[in-house]
Amino acid sequence: QVQLVESGGGWMTAGASLRVSCAVSGGTFSNYVMGWFRQFPGKEREFVAAVGWSGDTQYYADSLKGRVTISRDNAKNTVNLQLNNLKPEDTAIYYCAAADSVGGQSDFTRSGSYAYWGQGTRVIVPA
């Protein structure tokens, strides 16, 4: 019943800013913890950012702090991710995810905490 659709990916320029969006339907968006993950070829999906119900609680991957921002608009049922100063190492498929409930920080950052996933949007940053 819950559907997540990402948009905003594609070919990017190194040093530019990425902004991807996720539209959620089929559920009560304000009840969901929202997260962004990314997956490199041949590697496991890794945590990027997460945001709580109201948007005030935010978590970021340590390796991305200072470059990444997550935000949500409960009136529009959307969650956004911005990643600045893009690098070739940011090339990956970026996934939006929703969780009915989570515990502490460790749950925010674990992919297993999220029951609903989008299909992903591919981001390519050439050198």
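Reading the values: rules and limits
- Residues numbered from 1 in each chain as written.
- Predicted model: local features only at pLDDT ≥ 70, side-chain atom pairs only at ≥ 80, totals over all residues.
- Heavy atoms only, no water.
- Disulfide = S-S within 2.5 Å.
- Helix = DSSP H or I, 4+ residues; strand = E, 2+ residues; numbered from the N terminus.
- Buried < 20%, exposed > 50% of the residue type's maximum accessible area, 1.4 Å probe, protein only.
- Pairing = 2+ DSSP bridges.
- Axes fitted to C-alpha atoms, helices over the stretch in contact; angles between N-to-C directions.
- Contact = heavy atoms within 4.5 Å.
- Phe/Tyr/Trp six-rings, centres within 6.5 Å; stacked < 30°, edge-to-face > 60°.
- Lys NZ or Arg CZ within 6 Å of the ring centre and 35° of its normal.
- Lys, Arg positive; Asp, Glu negative; His and termini not counted.
- Salt bridge = Lys/Arg side-chain N within 4 Å of Asp/Glu carboxyl O.
- Polar contact = N/O pair within 3.5 Å; in protein donor to acceptor, adjacent residues only side chain to side chain.

Asks: Help me out: how do you make sense of the state of the cysteines in this one?
Replies: A covalent bond bridging the sulfur atoms of two cysteines is what the word disulfide describes. Across all of its chains, the model carries 1 disulfide by this definition. Shown here is the disulfide that connects Cys22 with Cys96, its sulfur atoms set 2.2 Å apart. Negative torsions about the S-S bond denote left-handed disulfides, and the value of about -85° found for Cys22 with Cys96 makes this one left-handed. Taken together, the residues Cys22 in strand S3 (residues 18-25) and Cys96 in strand S9 (residues 92-99) connect sequence positions 74 residues apart. Like Cys22, the residue Cys96 is buried in the burial classification.

Asks: Explanation requested: the pairing of strand S11 (residues 121-124) in the structure shown.
Replies: Taken residue by residue, a regular strand's side chains alternate between the two faces of the sheet. Sheet topology note: the strand S2 (residues 10-11)/S11 ladder contains 2 bridges and is parallel. For Gly10, the partnering residue across the bridge sits in S11 and is Val123. Two strands pair when backbone bridges link them, and S9 and S11 are joined in this way by 3 bridges, in the antiparallel orientation. Note that in S11 the partner of Ile93 across the bridge is Arg122.

Asks: It is not clear to me how the sheet that holds strand S1 (residues 3-7) should be interpreted in this structure. Could you clarify?
Replies: Whenever strands of a sheet pair, they do so through backbone hydrogen bonds, lying parallel or antiparallel. If you trace the 4 strands from one edge of the open sheet to the other, you get S1-S3-S8-S7, paired in antiparallel fashion. Only two strands of the sheet have a single partner each, and these edge strands are S1 and strand S7 (68-73). When the angles between neighbouring strand axes are averaged without regard to direction, this sheet yields 15°. Judged from the 6 bridges that link them, S7 and strand S8 (residues 78-83) form a sheet pairing that is antiparallel.

Asks: Which parts of the structure should I look at to understand the side chain of Asn80?
Replies: Its location among the elements puts Asn80 in strand S8. Setting aside residues no more than four positions away along its own chain, Asn80 makes contact with Arg19, Val20, Ser21, Trp36, Thr69, Ile70 and Ser71.

Asks: Please explain the packing of aromatic side chains as it appears in this structure.
Replies: The geometry of an aromatic ring pair is captured by two quantities: the separation of the ring centres and the angle between the planes. Per the counting criterion, the structure on display carries 6 aromatic pairs. On the numbers, 6.2 Å between centres and 65° between planes, the contact of Tyr114 with Trp117 is edge-to-face. Residue Tyr114 is classed as buried on the basis of its relative accessible area of 5%. On the accessibility criterion, Trp117 (27% relative accessible area) is partly exposed. By the ring-pair criterion, three or more aromatic residues cluster together here, those being Phe37, Phe47, Tyr114 and Trp117. Between Arg45 and the ring centre of Trp117, over which it is positioned, the NZ or CZ distance is 4.7 Å. Positioned over the ring face of Phe29 is Arg72, at 4.4 Å from the centre of the ring.

Asks: Explain the side chain of Arg72 here, please?
Replies: In this structure, Arg72 sits in strand S7. As a buried residue without a salt bridge, Arg72 has its nearest oppositely charged side chain in Asp73, at a separation of 8.3 Å. At 3.3 Å, the side chain of Arg72 forms a polar contact with the backbone oxygen of Trp53. A polar contact of 2.8 Å, which involves the side chain of Arg72, links it to the side chain of Asn74. Those residues within four positions of Arg72 in sequence are excluded, and the remaining contacts are Phe29, Ser30, Tyr32, Val33, Met34, Val51, Gly52, Trp53, Ser54, Gly55, Thr78 and Val79.

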